[in-house]
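Coordinate analysis (summary)
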Amino acid sequence: MTASIRNVASSCLDKTGRLSLREDILGVYANDNPQNRSVLAQMNRIQTVPFVKIALVTIQGASPQIQRDLDNANAVWVGNCNVWVYPTDSITVNAPALVALAQDDCNGSGHSVSSEEDQLFDLGRNLGANIVAYYIQSGSGAGCAAHPPGRRGFWADDGASPWTFIHELTHVVGDNPHIDSNDSCNLGNLMTTCGTANINVALPNLTNNQCDRINGDADIESC
Ligand SMILES: [Zn+2]
């Protein structure tokens with residue numbers, strides 16, 4: 001590995017010591033979406049395009065498509081807003097009580113946190129990111145971005161669509177609400193009110209205002 005890759009990993013990503021090109025530079029943590037990936041292009045992206053760090057926690061028993069989610073996240077964010085998602089790490093946790101999550105916060109409780117939500121959002125807080133994405137088997141709905149104060153994150157479950165992960169992350173980063181739909185569903189926009197499984201375009205859109213909210217978030221950093 002060349003010195004410049006080490007330098008960029010250290011200065012831009014806070015990654016030191018033994019590095020994996022696949023994980024630490026390319027941000028690849030699963031085999032479910034194989035494709036050719038250019039280290040050169042990624043090095044350029046790391047050094048020139050703003051990003052948010054997220055950590056990934058899979059509760060054992062869930063069946064996520066981690067790489068599909070990361071690749072779709074970057075397709076949407078880079079394509080619309082010139083900002084990207086850097087996964088700092090990915091772990092699996094054996095926590096049988098949490099795989100089917102009992103929730104308050106995601107059921108419109110006005111942000112009261114259930115004991116299981118409290119336990120879930122404690123996990124992965126030592127993985128180098130302020131925002132943690134959780135994969136569970138089942139919750140209420142396919143995903144939810146409600147989280148306890150001071151522990152930014154969201155979860156997606158086995159019923160998630162290809163766009164659930166980045167939809168929930170976009171709720172967290174920039175605090176983006178569902179797009180005002182009047183009486184249409186806005187099925188071309190990532191933040192549709194009508195469910196990401198119904199999105200009817202190849203690549204969901206984000207408006208300039210949604211991009212501004214993402215780019216203005218406190219957890220967006222630049223090299
Ligand atoms: Zn939503």
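A few points on the structure. The written sequence of each chain sets the order in which its residues are numbered from 1. Since the coordinates come from a predicted model, pLDDT governs what is reported: local features require at least 70, and pairs of side-chain atoms require 80 or more to be given and counted, while whole-chain, interface and lining totals use all residues.

Some words on the overall build of the protein chain
The following threshold applies: Starting at the N terminus, helices and strands are each numbered in turn, a helix being any DSSP run of H or I of at least four residues and a strand any DSSP run of E of at least two. All radius of gyration figures rest on C-alpha atoms, and the globule criterion is 2.2 Å times the number of residues raised to 0.38. Working definition of burial: number of other C-beta atoms within 10 Å of the residue's own, with buried at 20 or more, exposed at 12 or fewer, and partly exposed in between, all C-beta atoms being placed from the backbone. By definition, residue pairs are in contact when their C-beta atoms, positioned from the backbone, come within 7 Å.
Counting secondary structure elements, the protein chain contains seven helices and six strands. If you list the helices and strands of the protein chain from N to C, you get α-α-α-β-α-β-α-β-β-β-α-α-β. Relative to its length of 223 residues, the protein chain is compact, with a C-alpha radius of gyration of 17 Å against a globular reference of 17 Å. When the backbone C-alpha atoms are referred to their principal axes, the protein chain occupies close to 50 × 40 × 30 Å. A burial count over the protein chain gives 38% of its 223 residues as buried. In the protein chain, the share of contacts with a sequence separation of at least 24, taken over all contacts with a separation of at least 6, comes to 59%.

Focus: the nonpolar core
Short version of the rule: Nonpolar cores are identified as sets of buried Ala, Val, Leu, Ile, Met, Phe, Trp, Tyr and Cys residues joined via C-beta atoms within 7 Å.
Ile54, Tyr134 and Ile136 are the most contacted members of the largest nonpolar core, which has 53 residues in total. Contributing elements (two or more residues each) for this core: α1 (3-13), β1 (51-59), α4 (66-81), β2 (84-93), β3 (131-135), β5 (153-156) and α6 (164-172). Examining the composition of this core, we find that seven residues originate from one element, β1, more than from any other. Apart from the residues within four sequence positions on either side, Tyr134 is in contact with Val57, Ile59, Leu120, Gly153 and Trp155.

Remarks on α4
Put simply, the rule is: The span expected for a helix works out to 1.5 Å for each residue beyond the first.
Taking 1.5 Å as the rise per residue, α4 with 16 residues should run 22 Å; its terminal C-alpha atoms sit 22 Å apart, in good agreement. Close packing links the buried residues of α4 with β1, β2, α6 and α7 (208-215).

Some points on the packing of α4 against α6
Counted only if it meets this: Fitted lines through C-alpha atoms give the axes, limited to the stretch in contact for helices. The angle between two N-to-C directions lies from 0 to 180 degrees. In this scheme, roughly parallel covers angles under 35 degrees and roughly antiparallel covers those over 145, while 65 to 115 is roughly perpendicular and the rest are oblique. Each crossing is labelled by how the near helix is turned from the far one, with a counterclockwise turn of less than a right angle marking it left-handed and a clockwise turn marking it right-handed. The residue classification treats Ala, Val, Leu, Ile, Met, Phe, Trp, Tyr, Cys and Pro as nonpolar and Asp, Glu, Lys and Arg as charged. All others, Gly included, are polar.
At a minimum axis separation of 8 Å, α4 and α6 run at an interaxial angle of 55°. When the interaxial angle is binned, α4 and α6 end up oblique. Judged by the twist between their axes, the crossing of α4 over α6 is right-handed. Where α4 abuts α6, its residues Asp69, Asn72, Ala73, Val76 and Trp77 lie against Phe165, Ile166 and Leu169. Taken together, the residues of the contact of α4 with α6 break down into six nonpolar, one polar and one charged.

Focus on unusual backbone geometry
At Asp14, a position not held by glycine, the phi torsion is positive, near 60°. By the element assignment, Asp14 lies in the loop between α1 and α2 (21-25). Judged by local crowding, Asp14 falls into the exposed class, with 12 C-beta atoms found within 10 Å. The backbone phi angle of Asn82 is positive, close to 55°, even though this residue is not glycine.

Regarding the pairing of β5
Each regular strand carries side chains that alternate between the two faces of the sheet. Put simply, the rule is: Paired strands, as defined in this entry, are two strands with at least two bridges between them according to DSSP.
Residue alternation in β5 divides its side chains into two sets, Gly153 and Trp155 and Phe154 and Ala156, and both sets are buried. Taken together, the four bridges between β3 and β5 define a ladder with parallel strand orientation. The residue bridging Val132 from the neighbouring strand is Gly153, located in β5. Pairing of strand β4 (residues 143-144) with β5 involves two bridges; the strand directions are antiparallel. When the bridges of β5 are listed, Cys144 appears paired with Trp155.

Comments concerning the pairing of β1
Counting buried residues in β1 gives eight out of nine residues, a clear majority hidden from the surface. Two strands pair when backbone bridges link them, and β1 and strand β6 (residues 220-221) are joined in this way by two bridges, in the antiparallel orientation. The residue bridging Phe51 from the neighbouring strand is Glu221, located in β6. Pairing between β1 and β3: five bridges, direction parallel.

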